[in-house]
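Spelled out from the first residue to the last, the chains are:
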Amino acid sequence: MAQTNIHIVDALSHAIDVTSTIVAEHLVNPRGLQLVDDDTLLLIEAGSGNPRVPDGRLVELRRQNNGRFERAHYLLEYQPSINMLEMMKRDEIMGLADFASNGKQTVVSLTDYIGGSKIIEVAPTPGKVVFDSQGNLNSICYHPDYDCYFAIKPDANVVVAFSGDEEKVIAPLNALSGGQDAVPVCVVYEPKTKGLLVSLFSGEIGGHETGQGIDFDKQAGQVVRVDIESGSVTPVITGLCAPTGIALDDEGKLYVLELCDDFLEPLVADDATKQCLHGGFKRFSGRLLLCDLANAHTQVIATGLDTPSNLVVSGNELFISEGMGMSGRPIPGPDGQSQSLMGFVRQLSLKRV
């Protein structure tokens, strides 16, 4: 089957009206999310990044009469998180990341640099560790044809499968054209091809060990397709700036989040709450793209997003997790004025015209 490689340089939004509403606020690094029904949203909060306070959780949010979602109860609590400031010079929180279900079992992925990463069962046995994994374990999805979970490891740059009690590398993700690590962020099952789509964030030029925290090629990000049987990796979208969450709609069109459009003002931990700084990622510069993989048509659906990480699509409604970093620290707002960093969920309602 012939595939089209879409290169993102610029795209104009047209033929879609978009209504944007903040439907949940005061969240602590929101990540993976799923709409159960019109009134119930499952959401991961990665946590505060304080390794001494394990506050990562999977929470059920319920829609109120005013249309906003509020926390109802926790399905999983007290999970560790860490802020990567000291290592990366960027205000970047790692902890609970994503969740997936096979219809009988629901699991979440946890990145834990200290104790080792894990896949943890939420139902039917809350808190049970079903897989231990070395390194950085991030996004996870379930593949019905293989009856197993697939995940990506940003530190090792590989796609792995978890089945039975075994972890198996399915495909290595080679360095990008400038020599940067691929840094996979999100993986989704693609029903049309029976393969996997993976977003590649792109690592720092020269690596974070010697970099300043902001040394990125701003058009090096990609979305690639992974053939599970052969392990082959094919670019399908290139020219992206720091792609994070990806999601397919019922027609097979792909939504892609870009975290930001620039990298500014790295941080050190001691100064994080003293100055109003971007903290590595330009705040309120992320965007959402809609890509028709069949005809290479791309539209910019939304701009001005604040470090968006994950999204879920339900018909003409999208929900996006935003606001990554140290809660409460001062950041430049959309108008350039200082405001407090806060995690939130944005709802986008799309109407084709």
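Our structure's up above, just so we're on the same page.
Parameters at a glance
Residues numbered from 1 in each chain as written. Predicted model: local features only at pLDDT ≥ 70, side-chain atom pairs only at ≥ 80, totals over all residues. Heavy atoms only, no water. Helix = DSSP H or I, 4+ residues; strand = E, 2+ residues; numbered from the N terminus. Rg over C-alpha atoms; globule rule 2.2 N^0.38 Å. Contact = heavy atoms within 4.5 Å. Areas by Shrake-Rupley, 256 points an atom, 1.4 Å probe, with all protein chains shown as cover. Salt bridge = Lys/Arg side-chain N within 4 Å of Asp/Glu carboxyl O. Buried < 20%, exposed > 50% of the residue type's maximum accessible area, 1.4 Å probe, protein only. Core = buried A, V, L, I, M, F, W, Y, C linked by side-chain atoms within 4.5 Å. Polar contact = N/O pair within 3.5 Å; in protein donor to acceptor, adjacent residues only side chain to side chain. Pairing = 2+ DSSP bridges. Patch = residues over 30% accessible without salt bridge, like charges linked within 9 Å, V, L, I, M, F, W, Y side chains within 5 Å. Axes fitted to C-alpha atoms, helices over the stretch in contact; angles between N-to-C directions. Disulfide = S-S within 2.5 Å.

Asker: In this structure, what is going on with the overall build of the protein? I would like to understand it.
Answerer: From N to C terminus, the protein includes one helix and 29 strands. Computed over C-alpha atoms, the radius of gyration of the protein comes to 19 Å, within 12% of the 20 Å expected from 2.2 N^0.38 for 353 residues, which places it in the range of a compact globule. For the protein, restricting intrachain contacts to residue pairs at least 6 apart in sequence, the fraction spanning at least 24 positions comes to 53%. Accessible area of the protein: about 15000 Å², with a carbon and sulfur share of 47%.

Asker: Teacher, can you tell me more about the pattern of salt bridges here?
Answerer: Close approach of charged atoms allows side chains with opposite charge to pair. Evaluation of the coordinates by the stated rule reveals 18 salt bridges. Two residues, Glu45 and Arg57, come together in a salt bridge whose shortest N-O distance is 3.0 Å. With Glu45 in strand β4 (residues 40-45) and Arg57 in strand β5 (residues 56-63), this pair connects stretches of sequence that are 12 residues apart. In this pair, the class of Glu45 matches that of Arg57, namely buried. Among the ionic pairs, Glu92 bridges to Arg90, the shortest N-O distance being 3.5 Å.

Asker: Just to check I follow, could you spell out the nonpolar core for this structure?
Answerer: A general tendency of soluble globular proteins is for nonpolar side chains to be buried together. The biggest cluster of nonpolar side chains holds 20 residues, and the ones touching the most others in it are Phe150, Val159, Ile170, Leu173, Leu196, Val198 and Leu200. Of all the secondary structure elements, the ones that give two or more residues to this core are β14 (148-153), β15 (158-163), β16 (166-172), β17 (184-190), β18 (195-200) and β19 (221-226). Counting 15 residues, the second largest nonpolar core, distinct from the first, contains Ala247, Tyr255, Leu318 and Leu350.

Asker: Looking at this structure, how should I read the side chain of Ser117?
Answerer: Position of Ser117 among the secondary structure elements: in strand β11 (residues 117-123). There is a polar contact of 3.4 Å between the side chain of Ser117 and the backbone oxygen of Leu110. Polar contacts involving the side chain of Ser117 include one to the main-chain amide nitrogen of Asp112, which spans 3.4 Å. Beyond its immediate sequence surroundings of up to four residues, Ser117 is in contact with Leu110, Thr111, Asp112, Phe131, Asp132, Ser133, Gly135, Asn136 and Leu137.

Asker: Would you explain the pairing of β15 in this entry?
Answerer: Working note: regular strand, side chains alternate between the two faces of the sheet. Along β15, five of the six residues are buried, which leaves the element largely enclosed by surrounding structure. Sheet topology note: the β14/β15 ladder contains five bridges and is antiparallel. When the sheet's bridge partners are listed, Ala151 is paired in β15 with Val160. Taken together, β14 and the strand that follows it, β15, pair antiparallel across an intervening segment of four residues, in which Asn157 is found at a positive phi of about 55°. Here six bridges tie β15 to β16, and the two strands are oriented antiparallel to one another. Pairing of Ala161 across the sheet is with Lys168, part of β16.

Asker: Sorry if this is basic, but what is going on with a nonpolar patch on the surface here?
Answerer: Together, Met87, Tyr113 and Ile114 make up an exposed nonpolar region whose accessible area comes to about 310 Å². With respect to the element layout, Met87 can be found in helix α1 (residues 85-88). With relative accessibility at 39%, the residue Met87 sits in the partly exposed group.

Asker: Please clarify how the sheet that holds β16 should be interpreted in this entry.
Answerer: Sheet strands line up and pair through hydrogen bonds in the backbone, either parallel or antiparallel. Pairing in this open sheet of four strands is antiparallel, and the strands run β13-β14-β15-β16 from one edge to the other. Every other strand in the sheet has two partners, leaving β13 (140-143) and β16 as the edge strands with one partner each. In this sheet, adjacent strand axes meet at a mean angle of 30° when their direction is disregarded.

Asker: Please clarify how the state of the cysteines should be interpreted in this entry.
Answerer: Two cysteines whose sulfur atoms are joined by a covalent bond form what is called a disulfide. Across all of its chains, the model carries zero disulfides by this definition. Here Cys241 stays free of any disulfide, with the sulfur of Cys260 as its closest cysteine sulfur at 5.0 Å.

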